[in-house]
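Reading the structure
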Amino acid sequence: MPDDGAPAPFPGEVRLQSAADLADPRLAPYTTLTDAALRRDVDAAHGVFLAESSPVVRRALDAGHAPRSFLLGDRYRETFADVIAAHPGVPVFTGPDEVLTALTGFHLHRGALAAMDRPAPRSVAEALDGAHRVLIAEDLVDHTNLGAVVRSAVALGWDALLLTPRAADPLYRRAIRVSMGTVFRLPWARADGPLEEALPALRAAGFATAALEVTDRAVGLDSPELEPVRTAERLALVLGQEGPGVRPETLAAVDAHVVIPMPAGVDSLNVAAAAAVALWELRPRDTPAA
Ligand SMILES: C[S@@+](CC[C@H](N)C(=O)[O-])C[C@H]1O[C@@H](n2cnc3c(N)ncnc32)[C@H](O)[C@@H]1O
């Protein structure tokens, strides 16, 4: 440690001490963090995603994602020292809270961010290869809901996620954080058209298809009638958008509708809550030995 008591700099460390230091082009991925729409453009333009908080950054690294740089509040130097040591040559930007807040637009209360190379998108066929339980997020636009859904899916043994073109980005900072980094363990892909066009291919690949929705023809999640869906070897389950729910075209195209009975007469559950209940009940089961 230097004589003045200041901690020794990390190799590759760049100190951010004033607004003038924020002009470094390598900091561009860390701007406009609170605007999801803008982020979509920034992430695409820079080919990055942002992992936030020490556990999430560690999970991204464990999953093999490549860091482009780290951004660290001064208070988190020690907590993060092992990560930095393990990635020599990756720039480390550090600074006091107020300078980092000026850069990112919000208080970096979780201490650390990493800009990481955004992986090349998977095709639908790649994401679904070998999967037995596929969750389909139809136009789910809220990143918090999507992150919570991903966390439940991974926790309950679902093995792939399919998104419609309008659905939120699973690699948006907030979605990643709410998923607690479980998104790095879930193969996912985006369909390039409406779901009714993708469903025939799923059926041809042996998937039973169902929509989780409150409809007149829906079978209760606890009903014995649901057994063929519950025990299907391959199952694809559609979740609907927060406001409108599953689109009528999709409802017409799936094999079954499934409802979580709500005896209290409430209209619907939050989509992430509904997903947690249904993903448990429709989880992959061991097929009994012949
Ligand atoms: C908040 S709901 C959509 C609004 C809902 N269609 C309504 O009219 O109140 C969003 C999604 O959550 C799921 N969902 C919520 N409650 C449900 C329930 N009781 N049974 C089945 N799915 C439900 C469905 O996938 C639905 O499309």
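What you see is a predicted model, and the numbers here were worked out from it, not measured in a lab.

Topic: the domain arrangement of the protein chain
For the protein chain, the domain assignment lists domain 1 (13–117) and domain 2 (124–281). Listed as interface residues are 18 residues of domain 1 and, on the opposing side, 14 residues of domain 2. Summing the contributions of domain 1 and of domain 2, the shared interface buries around 1,300 Å²; its carbon and sulfur component is 60%. In this structure, the connection of domain 1 to domain 2 is made through two salt bridges. A salt bridge links E52 to R177, with the shortest nitrogen-to-oxygen separation between them at 3.1 Å. The interface formed by domain 1 and domain 2 contains three residue pairs in polar contact (both at pLDDT 80 or more). With four residues, helix α1 (residues 36–46) is the single largest residue contributor to the side of domain 1 that touches domain 2. Classifying every residue of the side of domain 1 that touches domain 2 by side-chain character gives nine nonpolar, two polar and seven charged.

Remarks on the environment of M116
Checked against the element boundaries, M116 lands in strand β5 (residues 112–117). Overall, the relative accessible area of 0% leaves M116 in the buried class. With near-sequence residues (within four places) excluded, M116 lies in contact with G47, V48, F49, V57, A60, L61, H65, A66, P67 and R68.

Rules used throughout
- Residues numbered from 1 in each chain as written.
- Predicted model: local features only at pLDDT ≥ 70, side-chain atom pairs only at ≥ 80, totals over all residues.
- Heavy atoms only, no water.
- Domains from an automatic or database assignment.
- Contact = heavy atoms within 4.5 Å.
- Buried area = accessible area lost by both parts, 1.4 Å probe.
- Salt bridge = Lys/Arg side-chain N within 4 Å of Asp/Glu carboxyl O.
- Polar contact = N/O pair within 3.5 Å; in protein donor to acceptor, adjacent residues only side chain to side chain.
- Helix = DSSP H or I, 4+ residues; strand = E, 2+ residues; numbered from the N terminus.
- Nonpolar A, V, L, I, M, F, W, Y, C, P; charged D, E, K, R; others polar.
- Buried < 20%, exposed > 50% of the residue type's maximum accessible area, 1.4 Å probe, protein only.

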